[in-house]
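# Understanding the architecture of this molecule
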Amino acid sequence: AVVAVITSLIVFSGSSAHAAPAVSVSVDPASKSRVGTDFAGFSYEKDRVGARMFNARNADLVKLFRLLGPSLLRIGGNLVDMTGWNPDGAGGSEKEVAPSDVRELSLFLKATGWKVVYGLNLKTNTPAKAAEEAAVAAKVLGEDLVAFEIGNEPNVYVKTWPEYEALYTSFADAIRAKVPGAKFDGPGEANKTAWAEDFARTQKDKGAKILSTHQYIARNTEASIPGMLASNSSGRLPNASAAMEKAWSANGIPQWRVTEANNYYHGGAAGVSDVQAAALWSLDYLSGVAARRGSGINFHGGTSTQFPLHYSPIKYSGLDPVGVQGVYYGELLWKLAGPGAYHAASVTGGSDITAWGIGNNAFVNNKGGAAVTATITLPSGASKARVYVLTAPSLDSTAITIAGSKVGKNAAFTPLPKTVPVSGKKTKVNVPAHSAVLVTTG
Ligand code: BDP
C-alpha cells in the first residue's frame, strides 16, 4: 500500500506540474557586434589604490578577479576627485596615492591578467600634478594601462561643454606632454550623454580611445526589484546606450563603454542591489550594451568611505573579500559564454523573458514567476550542449548558484552543467522561474 501511495503521488505530481509553458527562442545567426573578454569588468574608487586593496598578496581577491577575467578594472569614482598624489609618500594611505601604491596595483594586474583605466583627479588638482602622476602611472603600469580617465562625472561640477572642453584640454595637453601617445577615456558624465558627441568629435584625434558614460537607474530611495528589472527595456539605461551608439558610430572613436554603472546610486539598497534580481538585471544590461555595440560595462563596487556599496559584485570586510553577490553572478554567467559574436534573439510565448546569443551559445533570462520550457534555435548546429542555470529560491534571495555551485570568497566554483542533446540547431531546456539559463556548445 505504501508503494501504491508513493506511486500515485509521483504520478499526481508529474501530471500536476504539467508541462511548463512553452517558449520559442530564435537566435539570429547574423551579428553586428563582438563581445570581448573584457566586456564585463569592475569599477572601484581611487582611494582603494592608496588603501592597497589591490595587491598581489590579497589571494582571495586575485582569484575572484581571475574567475571573471581577464577583464578591465576602472579606477575612479567620487573619490578620484578627493584623493591626492604624493610622489614622495610612503604609500598605504586612503588620503593620497604614492608611487609604491601604483606598483602594488601593477603587481595585482599581473597576478590577475586584468588591465586598468586609471583615473586622475580633475576637480581638486592642477594639470601639472595630474601629469606628474600620469607619468609615474604610465611607467609603472606599462602595457596594462588602457587609458587615463580625467575626473569623475565632470557634469556634476562643470556646467557647459565649452567649459569642460577647456578644462579637459588643459589636463590632457599637460599629460600628453609628459606621456607621449597617452590614451584617454571620456567624458564619463553621470547619467547623461549630452557631451558624448562633442567629446568623440573633438578628442578622437587627440588620444581619446574610449567614449564613456556612467549610468545608474535612479537614486537608492527609488530602489525596487520590479523597477530594476524593468529598467533595461525603457528609461535611462536603454536611452543612454542608444545615444552612445549614435555618438560613437558618427564620430569614428574606437569604442564606447559604460566605464561605471550599477543599479541604484548612493550605494544601492540591501535586498535589491545584492540579490538574485540584481544578477538577472546585470545580464540584461550587459546584453543591452552589446546590442548597441558597446565594448562593455564596469560595474561599480568594492567599498567606499562615502556610504556602503550594497550593489558591489564582491562583498568585503575591510580590504578582504567575504563573498560575492548578485551582480558578480550575472557577470560570471555572461563570461562563461564569451568571447564571441553577439546575436540578438526573438522570444515567443512567456512573459518577462529576454534572450540573446554570444558565439554559438544562448542565454534565456526569465524574470517572470513561471518556469518555462524553451525551445532554442542556435545560430549554428551542434550535437550537444551544456546548460548552466543561474538560480535562487526567489528574486530577493542571496542564495544564488550557477549550475549548482555558489562562488566562494576564495573563488571556489565547481559548476556541474547538465548535458542536453542538440538536434540540428535546436535544443530544449527548462528555465525555472526567476532564473537565467546559459546553453553552451563550445
Ligand atoms: C557614482 C560615483 C560613485 C558612487 C556612486 C553611488 O561615481 O563614486 O559610489 O555614484 O552613488 O556617481 O553609488
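A brief report on the enclosed structure follows. (Residues numbered from 1 in each chain as written. Predicted model: local features only at pLDDT ≥ 70, side-chain atom pairs only at ≥ 80, totals over all residues. Heavy atoms only, no water.)

Let us look at the packing of helix α7 (residues 196-203) against helix α9 (residues 236-251). A packed helix pair is summarised by two numbers, namely the angle formed by the two axes and the spacing between the axes. Following both chains from N to C, one finds α7 and α9 inclined at 20°, their axes separated by 9 Å at the closest point. Compared by their axis directions, α7 and α9 come out roughly parallel. The interaxial crossing formed by α7 with α9 has right-handed handedness. Within the contact between the two elements, α7 uses A196, E197, A200 and R201 and α9 uses M244, K246, A247 and N251. (Axes fitted to C-alpha atoms, helices over the stretch in contact; angles between N-to-C directions. Helix = DSSP H or I, 4+ residues; strand = E, 2+ residues; numbered from the N terminus. Parallel < 35°, antiparallel > 145°, perpendicular 65-115°, else oblique. Left-handed = near helix turned anticlockwise from the far one by under 90°. Contact = heavy atoms within 4.5 Å.)

In this structure, D81 sits in the loop between β4 (72-76) and β5 (84-85). Put simply, D81 is tucked away with no salt bridge, and the nearest opposite charge, on K123, sits 6.3 Å away. A polar side-chain atom of D81 sits 2.9 Å from the main-chain amide nitrogen of L122. Beyond its immediate stretch of four places on either side in the chain, D81 contacts L120, N121, L122, K123, T124, G151, N152 and Y157. (Buried < 20%, exposed > 50% of the residue type's maximum accessible area, 1.4 Å probe, protein only. Lys, Arg positive; Asp, Glu negative; His and termini not counted. Salt bridge = Lys/Arg side-chain N within 4 Å of Asp/Glu carboxyl O. Polar contact = N/O pair within 3.5 Å; in protein donor to acceptor, adjacent residues only side chain to side chain.)

Let's shift gears to the site of the ligand. Taken together, 14 residues sit near the ligand, with E45, E153, H266, G267 and Y311 positioned nearest. Residue N78 places a main-chain N or O atom 2.8 Å away from an oxygen atom belonging to the ligand. Contact between the ligand and H266: an oxygen atom at 2.6 Å from a main-chain N or O atom of the residue. The fraction of the free accessible surface of the ligand (320 Å²) that becomes covered by protein chains is 95%. Its residues assigned to classes, the shell around the ligand comprises five nonpolar, six polar and three charged. (Near = heavy atom within 4 Å. Areas by Shrake-Rupley, 256 points an atom, 1.4 Å probe, with all protein chains shown as cover. Nonpolar A, V, L, I, M, F, W, Y, C, P; charged D, E, K, R; others polar.)

Bridge count between strand β13 (residues 314-317) and strand β14 (residues 320-324): four bridges; the pairing is antiparallel. Residue pairing in the sheet places I314 in a bridge with V324 of β14. (Pairing = 2+ DSSP bridges.)

Looking now at the packing of helix α5 (residues 127-141) against helix α6 (residues 161-178). One way to put it is that α5 packs onto α6 with a least axis distance of 8 Å and a crossing angle of 40°. Judged by the inter-axis angle, α5 sits oblique to α6. Judged by the twist between their axes, the crossing of α5 over α6 is right-handed. For the pair formed by α5 and α6, the contact residues are P127, A130, A131, A134 and A135 on the first element and S170, F171, A174, I175 and K178 on the second. Grouping the constituent residues of the contact of α5 with α6 by class yields eight nonpolar, one polar and one charged.

Right, let's talk about the environment of G369 for a bit. Looking at the secondary structure, you find G369 in the loop between β17 (361-366) and β18 (372-377). Under the relative-accessibility criterion, G369 is labelled exposed at 63%. For the pair G369 and P432, spaced 63 residues apart in the sequence, the C-alpha separation amounts to 8.4 Å. Discounting chain neighbours no more than four positions away, the residues touching G369 are A433 and H434.

For the rest of this paragraph, the subject is the sheet that holds strand β11 (residues 255-265). Read around the barrel, eight strands follow the order β3-β4-β7-β8-β9-β10-β11-β12 and close on themselves; strand pairing throughout is parallel. Between one strand axis and the next, the sheet turns through 25° on average, direction left out of account. Of the pairings in the sheet, the one linking strand β10 (residues 208-219) to β11 comprises nine bridges and is parallel in character. Pairing of A218 across the sheet is with Y264, part of β11. Of the strands in this sheet, β3 (40-45), β11 and β12 (297-300) are in contact with helix α11 (residues 326-335), which crosses β3 at around 145°.

A word on α11. Most of α11 sits inside the fold, with nine of its ten residues counted as buried. Among the residues making up α11, those that are buried are G326, V327, Y328, Y329, G330, E331, L332, L333 and W334.

Right, let's talk about unusual backbone geometry for a bit. G186 connects to P187 through a cis peptide bond whose omega is -5°. One can find P187 in strand β9 (residues 184-190). Here the residue pair G338 and P339 is connected by a cis peptide bond, since its omega of 0° sits within 30 degrees of zero. Looking at the secondary structure, you find P339 in the loop between α11 and β15 (340-348). Non-glycine residue D352 carries a positive phi angle of around 60°. For D352, the location among the structural elements is in the loop between β15 and β16 (353-358). Non-glycine residue A403 carries a positive phi angle of around 45°.

The tally for this structure, following the rule as stated, stands at 18 salt bridges. Among the salt bridges present, the one from R257 reaches D38, with a minimum N-O distance of 4.0 Å. On the criterion of sequence distance, the pair formed by R257 in strand β11 and D38 in the loop between β2 (33-35) and β3 is long-range, its members being 219 residues apart. R257 gets classed as buried once you look at its relative accessible area, which sits at 0%. A salt bridge links R52 to D101; its shortest N-O distance comes to 2.7 Å. Of the two residues, R52 sits in the loop between α2 (47-50) and α3 (59-68) while D101 sits in helix α4 (residues 99-112), which places them 49 residues apart along the sequence. Its relative accessible area of 0% is what places D101 among the buried residues. Several salt bridges converge on common partners, so that one network encompasses R52, R57, D101 and E104.

So, to be careful, I would describe these as geometric facts and stop short of saying anything about function.
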